Amino acid sequence: MGIKDAIMRIFPEIPELDDVDFSQYSTPYVGLLTEFERSGEKGLVEFQKFVEEKGGSKDVVGKLLISLLQYLLIRYRRYKEKVVVVPVIKVFITLKGWLIENGYERDWLNILHNFLGYLVDMMPYLAESQEREMADAYLTLIYNLALEAEDTFGEPYFNDLKIVAKENLKNLRERYGISREIAEKLKKNC
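Residues numbered from 1 in each chain as written. Predicted model: local features only at pLDDT ≥ 70, side-chain atom pairs only at ≥ 80, totals over all residues. Heavy atoms only, no water.

What about the nonpolar core?
Working step 1: Ranked by internal contacts, the top residues of the largest apolar core, which has 64 residues, are Leu-17, Phe-47, Leu-69, Phe-92, Leu-116 and Leu-126.
Working step 2: Among the elements that line this core, the one with the most residues is helix α6 (residues 105-129), at 11 residues.
Working step 3: Among residues more than four places away in sequence, those in contact with Phe-47 are Ile-10, Leu-32, Leu-33, Phe-36, Val-61 and Leu-64. (Core = buried A, V, L, I, M, F, W, Y, C linked by side-chain atoms within 4.5 Å. Buried < 20%, exposed > 50% of the residue type's maximum accessible area, 1.4 Å probe, protein only. Helix = DSSP H or I, 4+ residues; strand = E, 2+ residues; numbered from the N terminus. Contact = heavy atoms within 4.5 Å.)

Considerations on the pattern of salt bridges
Working step 1: Tallying each qualifying case throughout the model produces 10 salt bridges.
Working step 2: A salt bridge links Arg-75 to Asp-21; the shortest N-O distance between them is 3.3 Å. Of this pair, Arg-75 sits in helix α4 (residues 58-79) while Asp-21 sits in the loop between α1 (3-10) and α2 (30-39), and the two are 54 residues apart along the sequence.
Working step 3: Note that Lys-96 is salt-bridged to Glu-148, the shortest N-O span being 3.0 Å. Taken together, the residues Lys-96 in helix α5 (residues 85-101) and Glu-148 in helix α7 (residues 132-153) connect sequence positions 52 residues apart.
Working step 4: Assessed through its relative accessible area of 22%, Glu-148 is described here as partly exposed.
Working step 5: Through salt bridges with shared partners, a single ionic network connects Asp-21, Arg-75 and Glu-81. (Salt bridge = Lys/Arg side-chain N within 4 Å of Asp/Glu carboxyl O.)

What follows is the structure in structure tokens.
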């Protein structure tokens, strides 16, 4: 029993988290995580209910999700651990949905603004390490996030990220031979 087991109970749909080293993950919510792990419940929705039943607020859930994303990104950036790449993408998109659904749009924009560059940096690894369909799905998701960031923030940096994301996606699709229809759609969106 431990933090990793609790994280796995919160995110049973992200089995790749089982490969992540959580030995350096620090959170003020260790007791809460341990209690949730012992409860036998599973899933983010159940975790949020559990937190609220214990007198906590949904802010606690948001802070935990953000700290998990930050931890995974530190493992990627500082330790060059590739095993965190897929969990980062899945936690990132889960965090987007959770923040928007719970009325934290401004926090979502901060996350997008601060961490999108890491996702774009992960694109070549995803293109090489994933099966074609999954690689295309992940790269398309990141490219769409880059488009969202460029539209939202308008800073030149996000235009640069969009260009890099587009190139990564284009290279992947050319390698596997995409249809003209997809190529034209990609061309129009850029």
